[in-house]
Amino acid sequence: CGHVSQIIFLKKTEVRHNLSSWIFYFCAMANTEDFFKKVIAHSKEYGYIFASSEIYDGLSAVYDYAQNGVELKKNIREYWWRSMVYMNQNIVGLDSAILMHPKIWKASGHVDAFNDPLIDNKDSKKRYRADVLVEDYAEKIEQKAQKEIAKAKKRFGDSFDQAQFEATNDRVLRYREEKQGILDRLARSLEAEDLADVKALIESLGIADPDSGSKNWTDVRQFNLMFGTKLGASADTATDLYLRPETAQGIFVNFLNVQKTGRMKIPFGIAQTGKAFRNEIVARQFIFRMREFEQMEMQFFVRPGEEMRWYDYWKQTRLKWHLSLGLGEENYRFHDHEKLAHYANAASDIEFNFPFGFKELEGIHSRTDFDLKQHEAFSGKKLQFFDPELNESYVPYVVETSIGLDRMFLAVLSHSLKEEVLEDGSQRTVLKLPFILAPTKAAILPLIKKDGLPELAKTIVAQLQWNFNVIYDEKDAVGRRYRRQDAAGTPYCITVDHQSLEDQTVTLRNRDTMDQIRVSIATLGEHMQESIAYQHWLS
């Protein structure tokens, strides 16, 4: 695979123990890195993502969404909003300001506790999140367990009982025990703010700088992630503010406003999408971790004591939403938190199998009544709900669902990019985006640029653009146009030929199957709507 030579740097005992597994590991790593580079290159070539300020050599970990990217991002946001707000009569929307009173961040704990544990490598001069280094190491141990499971599945075929194998196989159990022991120690150290032990854990595991291989580490230290700014006309009178690091607090401080004006009854939710800002020192992996990003959050207010029932409900409901897009059930898993945030009594992540491994995509948290009580204390205002059924007032508990829109974008984009070998031996690059999310739903293609075909094609564009985002494309041979639209992720190509002039029919081509059917121009919208309607995807 071209990376086998790296094995000579491993301990001899490790190589002797399982040479073939290390060869497989390095090949897999190389293939993963190559594929991720293809995703990044494809996103620029086909107008999805550009480096921000590129003509000035860019800005680290800041990106611009291009003409196709802004449409895909909008469609993901709309897919979430419809399922969360329109399909739930007890959930409403909100759009709170990015700039908020500075006391909000003191009350929420962000001023004092919104920190990342960072560690520097003295040789490479690169900085990393210490907890992520340990978690990545633990994930590699999990990958060893998954390889054992995959080998057994291949060996036993349809008779394979995966649950029993995972519960009884010595190697899998040993790997899982080792992984859990590492994560438990990390959680205890972070909970106790014992940063010296976090460094000791990194050193005891022999974790090296991912780029240089050096193990020469500094001490671990905390770094606050909030961006500061000022509000005011002059430096002398300006108020110190923060760019919001999350959208949730805007919901909490508006809890009573929404409840009273909307006459909402417990349980009910408030949903919001919007920008958040974090001064990530270790921003990397393309748009996975950025300094300016967008969240899609919903805070669900419930009676105290009922939060765990709703926590379980939203875990399953949110996973069902993800699975509705058809990205593969095997690419999702739950990760229940060992170390809980100061506001939570339960927390779980929905992780997705990105090109660089399983990482957090969405968080579901039981936040208790921490946030509302903190804002009561700092503002001096009551944030309580009078429950007529119980005839008493109380501060509600909150169950939160929070998903990164940019991460969801990367999950969809990376999973959809395929290289296919066709029956005739040729290859095509195709972006198999879910039809509901695709930026452009159809490309209208006149077979040639004369004989009245462009005019009819443009008439079809005018007909469809009321309900769909469609484009007109007349450049190059029709086969090359098909390939271009496949790579851009367009679900349908509509070809206008000479027969179209005679009988008002066109060829409708499906991106994924490449099947072509003859359809009347009058019914084009109906044919497309069958596979693009929200009801088709969300029901």
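Definitions and limits used
- Residues numbered from 1 in each chain as written.
- Predicted model: local features only at pLDDT ≥ 70, side-chain atom pairs only at ≥ 80, totals over all residues.
- Heavy atoms only, no water.
- Buried < 20%, exposed > 50% of the residue type's maximum accessible area, 1.4 Å probe, protein only.
- Helix = DSSP H or I, 4+ residues; strand = E, 2+ residues; numbered from the N terminus.
- Contact = heavy atoms within 4.5 Å.
- 1 Å grid on protein atoms, 1.4 Å probe; cavity = no way out; pocket = protein on both sides within 12 Å on 5 of 7 lines; lining within 4 Å.
- Points joined across faces, edges and corners; volume = space filled by probe spheres on them.
- Nonpolar A, V, L, I, M, F, W, Y, C, P; charged D, E, K, R; others polar.
- Pairing = 2+ DSSP bridges.

**A look at helix H13 (residues 370-379)**
Now for step 1: Listed as buried for H13 are Phe370, Asp371, Leu372, His375 and Glu376.
Now for step 2: Looking at the packing, one finds that the buried side of H13 touches helix H4 (102-108), helix H10 (248-252), helix H11 (255-261), strand S10 (292-302) and strand S13 (357-368).
Now for step 3: Once H13 finishes, Gly380 follows within two positions and takes phi at roughly 75 degrees, a positive value.

**Examining the layout of surface pockets**
Now for step 1: As a volume, the second largest pocket reaches approximately 340 Å³.
Now for step 2: If you trace the second largest pocket, you find 14 residues lining it, with Ser83, Thr317, Lys320, Trp321 and Leu538 closest to the centre.
Now for step 3: When contributions to the lining of the second largest pocket are tallied by element, the ones reaching two or more residues are helix H3 (67-86), helix H12 (307-323) and helix H19 (534-538).
Now for step 4: With 6 residues, H12 is the largest single contributor of residues to the lining of the second largest pocket.
Now for step 5: Of the residues contributing to the lining of the second largest pocket, the split by class is 7 nonpolar, 5 polar and 2 charged.

**What about the environment of Glu45?**
Now for step 1: By secondary structure assignment, the location of Glu45 is in helix H2 (residues 19-45).
Now for step 2: A sequence separation of 145 residues divides Glu45 from Leu190, and the C-alpha atoms of the two residues are 42 Å apart.

**Considering unusual backbone geometry**
With glycine set apart, most residues show a phi of negative sign, and most peptide bonds adopt trans.
Now for step 1: A cis amide bond links Ile266 to the next residue, Pro267, at an omega of 0 degrees.
Now for step 2: One can find Pro267 in the loop between H11 and strand S9 (268-277).
Now for step 3: A positive phi angle is found at Asp476, which is not glycine, with a value near 75 degrees.
Now for step 4: By the secondary structure assignment, Asp476 is in the loop between strand S20 (470-472) and helix H16 (478-488).
Now for step 5: A relative accessible area of 30% places Asp476 in the partly exposed class.
Now for step 6: In this structure, Gln504 takes a positive phi of about 60 degrees despite not being glycine.
Now for step 7: Examined against the element boundaries, Gln504 turns out to sit in the loop between helix H17 (498-503) and strand S22 (505-510).

**A short note on empty space enclosed by the protein**
Now for step 1: One pass over the structure, following the stated rule, counts 1 cavity of 30 Å³ or more.
Now for step 2: Estimated volume of the largest cavity: approximately 30 Å³.
Now for step 3: What lines the largest cavity is Phe35, Lys38, Leu417, Lys418 and Glu419.
Now for step 4: Contributing elements (two or more residues each) for the lining of the largest cavity: H2 and strand S17 (417-421).
Now for step 5: Looking at which element gives the most residues to the lining of the largest cavity, the answer is S17, with 3 residues.

**A few points about the pairing of strand S21 (residues 492-496)**
Now for step 1: Of all 5 residues that make up S21, 5 are buried, and the element is covered over most of its length.
Now for step 2: With burial as the criterion, each face of S21 is covered, one bearing Tyr492, Ile494 and Val496 and the other bearing Cys493 and Thr495.
Now for step 3: Here strand S19 (residues 442-446) pairs with S21 via 5 bridges, running parallel. Counterpart to Leu445 in the pairing with S21 is Thr495.
Now for step 4: Examined bridge by bridge, S21 and S22 share 4 bridges and lie antiparallel to one another.

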